[in-house]
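Chain residues, written in single-letter form:
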Protein chains: 4
Amino acid sequence: MKTMLLTGFEPFDGEPVNPSWELVKALDGTLVTQGDHQARLVAVQLPCVFSRSLAALDAALQQHQPDIVLAVGQAGGRSDLTLERVAINLMDARIPDNDGAQPVDVPVLPAGPAAYFSTLPIKAMVAAMRAAGVPASVSQTAGSFVCNQVFYGLQHRLAGSEVRGGFLHIPYLPEQVARLANGAPSCSLETMTHGLLAALLAALATQTDLAVTEGALH
Amino acid sequence: MKTMLLTGFEPFDGEPVNPSWELVKALDGTLVTQGDHQARLVAVQLPCVFSRSLAALDAALQQHQPDIVLAVGQAGGRSDLTLERVAINLMDARIPDNDGAQPVDVPVLPAGPAAYFSTLPIKAMVAAMRAAGVPASVSQTAGSFVCNQVFYGLQHRLAGSEVRGGFLHIPYLPEQVARLANGAPSCSLETMTHGLLAALLAALATQTDLAVTEGALH
Amino acid sequence: MKTMLLTGFEPFDGEPVNPSWELVKALDGTLVTQGDHQARLVAVQLPCVFSRSLAALDAALQQHQPDIVLAVGQAGGRSDLTLERVAINLMDARIPDNDGAQPVDVPVLPAGPAAYFSTLPIKAMVAAMRAAGVPASVSQTAGSFVCNQVFYGLQHRLAGSEVRGGFLHIPYLPEQVARLANGAPSCSLETMTHGLLAALLAALATQTDLAVTEGALH
Amino acid sequence: MKTMLLTGFEPFDGEPVNPSWELVKALDGTLVTQGDHQARLVAVQLPCVFSRSLAALDAALQQHQPDIVLAVGQAGGRSDLTLERVAINLMDARIPDNDGAQPVDVPVLPAGPAAYFSTLPIKAMVAAMRAAGVPASVSQTAGSFVCNQVFYGLQHRLAGSEVRGGFLHIPYLPEQVARLANGAPSCSLETMTHGLLAALLAALATQTDLAVTEGALH
């Protein structure tokens, strides 16, 4: 029995909810099975605070000793579930975090490498979500806010181990857009849950990722 | 007991489904209640064919003698449920319809007025959808394809009567975008159904529309 | 020698310039020639004020007795030069005008028809702009702010006469987007001027518009 | 007297021109001055071919021994001049290159680091472009096509030297969008040239970049 750690964030940017936490908390304790593969899902909330997010991640890794980690975050304005390709060693906060900090052009880890790639089979996961009827794609940037910081910190911690890690950005919930009335795309919790489970099963069962393009011209 | 006629379209543009028909057909026969107001919902499919759509609409009006009519159509690329403000007396087909016809700059009704406004309380309906947690807005154009033709034809038939009519454009379903992989926004059938019912109840209970702006600068 | 009246608006929405006035004022007094056709261009500024815009338009029509009128307005967020198809009998102001008025769901003309179509050869004009290397398209909605009010008022005044009229919406200038830093598209004054002159010559020389689609599915 | 090497690409993706080459070739041989700083601009064209782009870059570096290098590429669909933040060690070609090659998930340099950051003062350059009235911003991804490959290869070659390098992505030219009729944003060559010169002068005169955010939430 493997353990898959799912992290979600607390609300930020004035929102009362964060879809990433709504999504993963409902799966806490769930068992998932794909062929011979079986895993237990564990959900942990991370603060949207540069100075505390990675300590919370460390505690979760220590406590749950996962085989696979997928960090999830809100990407307000995106229309589908996007698996991030790469985390960069940079914090450049467009808005203050939940503690009021707003680092500009500061590395996540001063002596760290410039970037880490996802070690999850992101193309197999995208294909599995689409096959499940859920819009999904690969993203080439996780931004430069706390999401990217956590993704970078996660991949740094997992580097050299057999534990695989990655990051999923998700749209607003419909209720958020209904309140904000900003015309942004959204995705229901049911659709996202359906997609996430398909993606997790693909991650569990896939060793060598699919060789299909999800590239961007720019 | 009032009757609310809901129309949806058959699939077009190469798609195997049309979300407008998926949405309304599941509500056929449903009773809805708001305060003292009660209505029975009837769903009818219309062909996506300029030369036959209005005859099918006529048959439905004749058979069901509705008090309120809401025609629904797919607006692939939009991110929310949009109540149309106005129908124009023009057909300019960007693609051929399901019979291969592609009229360019032809009026829907040669001697008809240039446009008809919706006679539904579109702002109360938008407010009700948002209050129900469903992204919604007013649109200032229904395009120039079969949706606009049906909307224009509907309002022309209802002009002078006490029957109120309007048009709702809806996003792709998630399964469509998953297949097309075109990055378009989508909305689940559950979310759309929840929103549509809220909108219909608002239409049933509202005589004078809300005086709140849903205007566009351009 | 014909006269073509071009109107532009004063700045609004907090902007120090309005590209529509920058565009047309530089052409005031210009002579344009296409084959046997020749016209003198006259530029007039209109206030971005619901209660005064049409009086200013009336004065300009009275003074210049034009053969062709093209009203021009800023459409911040659009990426190309868009010839409007239709003006609707409605004011629904998303923001206050320059006098602080914000009408909601009020007709431009209480007893007027629901809409007027452009009487310019909009497809020939779009084709001419593209042939000149300038991005252009037909728009199915002019919004519900002062631009639409002026377009509606113009077409109402010209109805039944031989004078042809229409409306052109244009993007932000680069300098506006550089200041706003909002990521909106823009178009240089040089490119817009080049496109406008091509469009005006097409309007001058075209009696029967091109039968090519510029329709919208929704 | 310093030397600034500007590279542009040959046309690709079926286009007859590439705005990046149109932009830089016109500046070949130009002298620019900012305070005590002076530089000569040199323009070189690179093939849009994974297997030959870096050899062409090497030849240009060898021949011109530049102090500053700015590679420029077309980003069809973007609306402003975007200075790239980071190049990643990955090729994932959404379309074939000009030799028909379409690598998927192949590193640019098998033993290279995951990414390189720009070593140009990108925020000072963005600020200078905006001050010159030209829309500009920082981009967090250069994609995964030949542009990113050249940017990565450039930064790898310059690593450890005092030569600074970076990448600028630019919109379509108006003439491209007029032909494609795809509704994409565009920018005139004049506006882009004006912005590029302002950016180059800022690069020449700035040692320590501005500490202002140009971050992205996702």
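All values derive from a computational prediction rather than experimental measurement. In this numbering scheme, every chain counts its residues from 1 along its sequence in written order. Lettering of chains starts at A and numbering of ligands starts at 1, both following the order in which they are written. Residue-level local features of this predicted model are given only where pLDDT is at least 70; pairs of side-chain atoms are given and counted only at 80 or more, and the full residue set underlies all totals for whole chains, interfaces and linings. Excluded from the side-chain calculations are hydrogens and water; all other atoms, namely the structure's heavy atoms, are used.

### Details of the overall build of chain A
We count it as follows: Labels follow the DSSP assignment, with helices taken as runs of H or I lasting at least four residues and strands as runs of E lasting at least two, numbered in each case from the N terminus. Exposure classes here rest on a 1.4 Å probe applied to the protein chains alone. A residue is buried below 20% of its type maximum, exposed above 50%, and partly exposed in between. Every residue pair with non-hydrogen atoms within 4.5 Å of one another is taken to be in contact. For the area figures, the Shrake-Rupley method with a 1.4 Å probe applies, and any residue is considered shielded solely by the protein chains shown. Asp and Glu are treated as the negative residues and Lys and Arg as the positive ones, with His and the ends of the chain left uncounted. Lysine's charge is taken at NZ, arginine's at CZ, aspartate's at CG and glutamate's at CD.
Within chain A, the secondary structure is distributed over six helices and eleven strands. Along the first, second and third principal axes, the C-alpha set of chain A runs to 45 × 45 × 40 Å. The 218 residues of chain A split such that 62% are buried. Restricting the contact set of chain A to residue pairs at least 6 apart, pairs at least 24 apart contribute 77%. If you sum the accessible surface of chain A, you get close to 7500 Å²; carbon and sulfur atoms cover 51% of it. Chain A carries 12 positive and 19 negative side-chain charges, and their two centres are separated by 4 Å.

### Thoughts on the UniProt feature "active site" (unreviewed entry) in chain A
This is how it is decided: UniProt positions are given in the numbering used here, feature names are shortened, and annotations may be inferred rather than shown by experiment. Here a polar contact is taken to be a pair of N or O atoms separated by no more than 3.5 Å, where protein atoms must pair a possible hydrogen donor with a possible acceptor and residues adjacent in sequence count only if both atoms sit in side chains.
In the numbering adopted here, UniProt assigns the feature "active site" (unreviewed entry) to Glu84, Cys147 and His169 of chain A. For the annotated residues, spread through 86 residues, the largest C-alpha to C-alpha distance comes to 10.4 Å, consistent with a single compact locus. Following the sequence through the fold, Glu84 of chain A ends up in strand E5 (residues 81-84). The class for Glu84 of chain A is buried, based on a relative accessible area of 0%. Excluding residues within four positions of it along the chain, Glu84 of chain A makes contact with Arg78, Ser118, Ile122, Ser139, Gln140, Thr141, Ala142, Phe151, Phe167 and His169 of chain A. Of the polar contacts made by the side chain of Glu84 of chain A, one reaches the backbone nitrogen of Ala142 of chain A; its length is 3.3 Å. Classification of His169 of chain A by relative accessible area gives buried; the value is 0%. Setting aside residues up to four positions removed in sequence, His169 of chain A forms contacts with Gly73, Gln74, Ala75, Arg78, Asp80, Leu81, Thr82, Glu84, Ala142 and Cys147 of chain A together with Leu217 and His218 of chain D.

### Side note on the environment of Ser51 of chain A
Residue and element names in this part refer to chain A. As for its placement among the helices and strands, Ser51 is situated in the loop between strand E3 (37-46) and helix H2 (53-64). Using a relative accessible area of 60% as the deciding quantity, one classes Ser51 as exposed. A C-alpha to C-alpha distance of 14 Å links Ser51 and Glu10, two positions 41 residues apart in sequence.

### Structural notes on the packing of aromatic side chains
Two aromatic rings, taken as a pair, are described by how far apart their centres are and by the angle between their planes. Our working rule: Only Phe, Tyr and Trp rings are paired, with Trp represented by its six-membered ring, and only when their centres lie within 6.5 Å; those with planes under 30 degrees apart are stacked, over 60 edge-to-face, the remainder tilted.
Following the criterion strictly, the structure yields 16 aromatic pairs over all chains and no others. Seen from their ring centres, Phe50 of chain B and Phe145 of chain B are 5.5 Å apart, and the 80° between their planes marks the pair as edge-to-face. Taken together, the residues span a long stretch of sequence, with Phe50 of chain B in the loop between strand E3 (37-46) and helix H2 (53-64) and Phe145 of chain B in the loop between strand E10 (136-139) and helix H4 (146-158) at a distance of 95 residues. Three or more aromatic residues link up through ring pairs in this structure, and these residues are Phe12, Phe50 and Phe145 of chain A.

### Details of the interface of chain D and chain A
Accessible area lost upon the coming together of the parts is a frequently used measure of interface size. Note the cut-off: Joining two parts hides part of their accessible area as seen by a 1.4 Å probe, and the buried area is that hidden amount summed over both. Just to be clear on terms, a salt bridge is a Lys or Arg side-chain nitrogen sitting within 4 Å of an Asp or Glu carboxyl oxygen.
Between chain D and chain A, the residue contacts involve 38 residues of the former and 38 residues of the latter. Summed over both partners, the interface of chain D with chain A comes to about 2900 Å²; 62% of that surface belongs to carbon and sulfur atoms. Among the ionic pairs, Lys123 of chain A bridges to Asp105 of chain D, the shortest N-O distance being 2.7 Å. Linking chain D with chain A are 22 residue pairs in polar contact (both at pLDDT 80 or more). Among the secondary structure elements, those contributing two or more residues to the side of chain D that touches chain A are strand E6 (86-88), strand E8 (104-106) and strand E9 (115-117) of chain D.

### Here's the deal with helix H4 (residues 146-158) of chain C
Residues and elements named next belong to chain C. Under the convention used in this document: Multiplying 1.5 Å by the helix residue count minus one yields the expected span of that helix.
If you check H4, its first and last C-alpha atoms are 18 Å apart, about what 13 residues at 1.5 Å a residue would give, namely 18 Å. Among the 13 residues in H4, eleven count as buried, and that is most of the element. Three or more residues of H4 are buried, namely Val146, Cys147, Asn148, Gln149, Val150, Phe151, Tyr152, Gly153, Leu154, Gln155 and Leu158. Looking one or two residues beyond H4, the residue adopting positive phi is Gly160, at roughly 90°.

### A word on H2 of chain A
Residue and element names in this part refer to chain A. Cut-off, in case you're wondering: Throughout, the arc means that of the directions going from the helix axis to the C-beta atoms.
With twelve residues, H2 ought to run about 16 Å at 1.5 Å a step, and its terminal C-alpha atoms sit 17 Å apart, in line with that. Taken residue by residue, H2 has Ser53, Leu54, Leu57, Ala60, Leu61 and His64 as its buried positions. On an axial view of H2, the arc spanned by its buried residues comes to 115°, and they lie on one face. H2 presents Ala55, Gln62 and Gln63 as exposed residues on the side facing more than 90 degrees away from its buried surface. Its buried side turned inward, H2 meets strand E1 (2-9), E3, strand E4 (68-74) and helix H4 (146-158). One or two positions beyond H2, positive phi appears at Gln65, with a value near 45°.

### Topic: the relation of the copies chain D and chain A
Formally: Superposing the copies works by least squares over the C-alpha atoms of residues that have pLDDT at least 70 in both of them.
Aligned on chain A, chain D shows an RMSD of 0.0 Å; the corresponding rotation is 180° and the shift along the axis is 0.0 Å. Considering both components of the superposition, the chain copies are consistent with a two-fold axis. An overlap of 100% is found between the interface residues of chain D and their copies at the interface of chain A, pointing to a shared contact surface.

### Some words on the environment of Asn98 of chain B
Residue and element names in this part refer to chain B. On the secondary structure map, Asn98 appears in the loop between strand E7 (91-92) and strand E8 (104-106). Using a relative accessible area of 34% as the deciding quantity, one classes Asn98 as partly exposed. A C-alpha to C-alpha distance of 23 Å links Asn98 and Pro174, two positions 76 residues apart in sequence. Not counting chain neighbours up to four residues away, the residues in contact with Asn98 comprise Glu10, Pro11, Phe12, Cys48 and Val49. One polar contact links Asn98 to Glu10, side chain to side chain, over a distance of 2.8 Å.

### A few points about the sheet that holds E5 of chain A
All names here are of chain A. Rule in force here: When DSSP finds two or more bridges between two strands, those strands count as paired. Angles run from 0 to 180 degrees between N-to-C directions of axes, and those axes are lines fitted to C-alpha atoms, restricted for helices to the stretch in contact.
Read across the sheet, seven strands follow the order E2-E3-E1-E4-E11-E5-E10 without closing on themselves; strand pairing throughout is mixed. Each end of this open sheet is capped by a strand with a single partner; those strands are strand E2 (31-34) and strand E10 (136-139). On average, each strand axis in the sheet is tilted by 30° relative to the strand beside it, whichever way the strands run. Across two bridges, the pairing between E5 and strand E11 (residues 164-170) is antiparallel. Paired with Leu83 across the strands is Leu168, a residue of E11. Where H2 meets the sheet, it contacts E1, E3 and E4, and its direction lies at approximately 150° from that of E3.

### Describing the interface of chain A and chain B
Heads up, the rule is: For this classification, Asp, Glu, Lys and Arg are treated as charged, while Ala, Val, Leu, Ile, Met, Phe, Trp, Tyr, Cys and Pro are nonpolar and the rest, including Gly, are polar.
Between chain A and chain B, the residue contacts involve 16 residues of the former and 16 residues of the latter. Summing the contributions of chain A and of chain B, the shared interface buries around 1200 Å²; its carbon and sulfur component is 61%. Connecting chain A to chain B are four residue pairs in polar contact (both at pLDDT 80 or more). Residue composition of the side of chain A that touches chain B, by class: eight nonpolar, six polar and two charged.

### Let's talk about the sheet that holds strand E2 (residues 31-34) of chain B
Residues and elements named next belong to chain B. What the seven strands build is an open sheet, ordered E2-E3-E1-E4-E11-E5-E10; its pairing is mixed. Of all strands in the sheet, those bounded by a partner on one side alone are E2 and E10. With direction set aside, neighbouring strand axes in the sheet form an average angle of 30°. Docked against the sheet, helix H3 (residues 122-131) engages strand E5 (81-84), E10 and strand E11 (164-170), running at close to 160° with respect to E10.

### Observations regarding the pattern of salt bridges
Going through the model one piece at a time under the given rule, you end up with 40 salt bridges over all chains. Close ionic contact of Lys123 of chain C with Asp92 of chain B constitutes a salt bridge, the shortest N to O distance being 2.5 Å. In this pair, Lys123 of chain C sits in helix H3 (residues 122-131) while Asp92 of chain B sits in strand E7, so the two residues belong to two different chains. Given a relative accessible area of 1%, Lys123 of chain C falls into the buried group. Here Glu84 of chain D and Arg78 of chain D are joined by a salt bridge, their closest N and O atoms 2.7 Å apart. Among the residues examined, Arg78 of chain D registers a relative accessible area of 14% and is labelled buried. Through salt bridges with shared partners, a single ionic network connects Arg85 and Lys123 of chain A together with Asp92 and Asp105 of chain D.

### Let's talk about the packing of H3 of chain B against helix H6 (residues 189-205) of chain B
All names here are of chain B. Formally: Angles are sorted into four bins: roughly parallel if under 35 degrees, roughly antiparallel if over 145, roughly perpendicular if 65 to 115, and oblique for all others. Helix crossings fall into two classes, left-handed where the near helix is turned counterclockwise from the far one by less than a right angle and right-handed where it is turned clockwise.
In the contact formed by H3 and H6, the axes pass within 8 Å of each other and the chain directions differ by 140°. Relative to H6, the element H3 lies oblique. The way H3 lies across H6 gives a crossing that is right-handed. In contact with Ala124, Met125, Ala128 and Met129 of H3, H6 contributes Gly195, Ala198, Ala199, Ala202 and Ala203.

### A word on the arrangement of the chains
Kept free of each other, chain A and chain C leave a smallest C-alpha distance of 13 Å between them. As for chain D relative to chain B, no contact occurs, and the smallest C-alpha gap between them is 13 Å.

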